[in-house]
Amino acid sequence: LGGPDPLDYVSMYRNLGNPVLNVPEHWHYVSFGLSDLYGDNRVHEFTGTDGPSGFGFELTFRLKRETGESAPPTWPAELMQGLARYVFQSENTFCSGDHVSWHSPLDNSESRIQHMLLTEDPQMQPVQTPFGVVTFLQIVGVCTEELHAAQQWNGQGILELLRTVPVAGGPWLITDMRRGETIFEIDPHLQERVDKGIETDGSNLSGVSAKCAWDDLSRPPEDDEDSRSICIGTQPRRLSGKDTEQIRETLRRGLEINSKPVLPPINTQRQNGLNHDRAPSRKDSLESESSATIIPHELIRTRQLESVHLKFNQESGALIPLCLRGRLLHGRHFTYKSITGDTAITFVSTGVEGAFATEEHPYAAHGPWLQILLTEEFVERMLEDLEDLNSPEEFKLPKEYSWPEKKLKVSILPDAVFDNPLH
């Protein structure tokens, strides 16, 4: 399936599978154009043969072939084109273990397969080309429950479980859009493995783009000149490049299992590439598209706040228990970055070095970036008080939680509040 732009090319093959490994026949889709096909700077900047070719990867997808099906469905190619356009427009890259929250059946049917995980293609090894190295990342369709498990634990762990269940993927992780049960319904013991993994390893999800905001309740609302609070309905001051880079690093860091997580210092110089074997990205989704003036980094002072009010939509709020249990109780940090502005909220534990929030001053802001330090004792209490966030079907908005002695308030609000900044 092709088009006028290199990102529109997807090849489709009939793969006979591997009877010895119990791999069924399926359709195999491979994209062309995320890597550098020409080496003449017409699409990608040529940076040499040793680095990544273009974005450094191509996408693949394996779809179970239905009985009597003589031609491959075209919807997987359209899905891959959509992901490729996102990469080209945002200049963000994917890597193995990443997840994509899609919130809709991948084939626009009534299927339970509504999200994606990414992993190395089992047949296609990295290739050294004249224009750089290309890896092949396979899209794996998953159910909502499997996506949540990947968020709470890690993508690679769930992918390994999917490989052990033939109808849910098997060794080559073939997507079956007709699969009606999650791996936890097929084999209830797998939930125990996930729970044990979360308890032992914590979560590898160190941050998300989200609908969120925060208010500084210790400042009078009319104190606009000096206050750096971020309120829905106000135009936030834009983060400087150095602050944006630190928030990027907050999202990238925190994947360590055996080493102490560290937030980079405020004056960290801009770094190239991503940590933890992630491919370099030319631009990050944290880059603001706002036309607001950037405040010079040196003119923004870090402020200690006495009282704060955090605001999340329901989807973002549902991740708070993950943030607390899977990250902070394991000595790590977790960042919410607003998708509608420069606001960022980072939760840190006492074991995180380099944070500007401290036990003495647990709420601290640097421009529109808020850090909140929570002790283990308070995290345990919050988990008890926020237990109903785990039952979204019983949840009614708006919902408010308050800890007066800590001078902390959390509100879960409808999406419309965040979608309409004048609300």
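- As annotated in an unreviewed UniProt entry, the protein carries the name Suppressor of fused homolog and comes from Dryobates pubescens.
- Under the Sequence similarities (unreviewed entry) heading, UniProt states for the protein: "Belongs to the SUFU family."

## A few points about the sheet that holds strand β12 (residues 333-338)
Next, step 1: Pairing within the open sheet is mixed, and its six strands lie in the order β8-β12-β13-β15-β14-β10. Single-partner strands in this sheet number two, and they are β8 (207-210) and β10 (302-304). On average, each strand axis in the sheet is tilted by 20° relative to the strand beside it, whichever way the strands run.
Next, step 2: Pairing of β10 with strand β14 (residues 363-366), which is carried by three bridges, proceeds in the antiparallel orientation. Bridging across to β14, threonine 302 finds its partner in histidine 366.

## Some words on the packing of helix α2 (residues 144-152) against helix α3 (residues 155-163)
Next, step 1: Relative to each other, α2 and α3 sit at 135°, their axes nearing to 7 Å. Taken together, α2 and α3 sit at an angle that is classed as oblique. From α2, Glu146, Ala149 and Ala150 reach across to α3, where they touch Gly155, Ile158 and Leu162.

## Looking at unusual backbone geometry
Next, step 1: Proline 398 follows leucine 397 through a cis peptide bond whose omega is -5°.
Next, step 2: Tracing the backbone shows proline 398 in the loop between α9 (376-385) and β16 (399-403).

## Looking at α3
Next, step 1: Among the residues making up α3, those that are buried are Gly155, Gly157, Ile158, Leu159, Leu161 and Leu162.
Next, step 2: Taking the backbone nitrogen of glutamine 156 as reference, a side-chain oxygen 3.4 Å away marks asparagine 154 as the first, capping residue of α3.

## Some points on the sheet that holds strand β17 (residues 408-413)
Next, step 1: With mixed pairing, four strands are arranged side by side in an open sheet as β9-β11-β17-β16. The open sheet is flanked by β9 (212-216) and β16, the only strands paired with a single partner. Across the sheet, the axes of successive neighbouring strands diverge by a mean angle of 15°, strand direction being ignored.
Next, step 2: In terms of strand pairing, β9 meets strand β11 (residues 308-313) through five bridges, oriented antiparallel. Considered in β11, the bridge of cysteine 212 is made with phenylalanine 312.
Next, step 3: Against the sheet, α9 touches β16 and β17, its axis set at about 150° to β16.

## Some remarks on the packing of aromatic side chains
Next, step 1: Taken as a whole, this structure holds 11 aromatic pairs when the rule is applied.
Next, step 2: Their ring planes at 55° and their centres at 4.7 Å tell us that phenylalanine 312 and tyrosine 336 sit as a pair that is tilted. Remark: tyrosine 336 occurs in strand β12 and phenylalanine 312 occurs in strand β11; sequence separation between them is 24 residues. When sorted by exposure, phenylalanine 312 lands in the same class as tyrosine 336, which is buried.
Next, step 3: Between the aromatic rings of phenylalanine 356 and tryptophan 369, the centroid separation amounts to 5.4 Å while the plane-to-plane angle is 85°, which identifies the pairing as edge-to-face. Here phenylalanine 356, found in the loop between β13 (344-348) and β14, pairs with tryptophan 369, found in strand β15 (residues 369-373); they are 13 residues apart in sequence, far enough to count as distant.

So, how was this worked out
Residues numbered from 1 in each chain as written. Predicted model: local features only at pLDDT ≥ 70, side-chain atom pairs only at ≥ 80, totals over all residues. Heavy atoms only, no water. UniProt positions renumbered as here; feature names shortened; annotations may be inferred. Pairing = 2+ DSSP bridges. Helix = DSSP H or I, 4+ residues; strand = E, 2+ residues; numbered from the N terminus. Axes fitted to C-alpha atoms, helices over the stretch in contact; angles between N-to-C directions. Parallel < 35°, antiparallel > 145°, perpendicular 65-115°, else oblique. Contact = heavy atoms within 4.5 Å. Buried < 20%, exposed > 50% of the residue type's maximum accessible area, 1.4 Å probe, protein only. Polar contact = N/O pair within 3.5 Å; in protein donor to acceptor, adjacent residues only side chain to side chain. Phe/Tyr/Trp six-rings, centres within 6.5 Å; stacked < 30°, edge-to-face > 60°.

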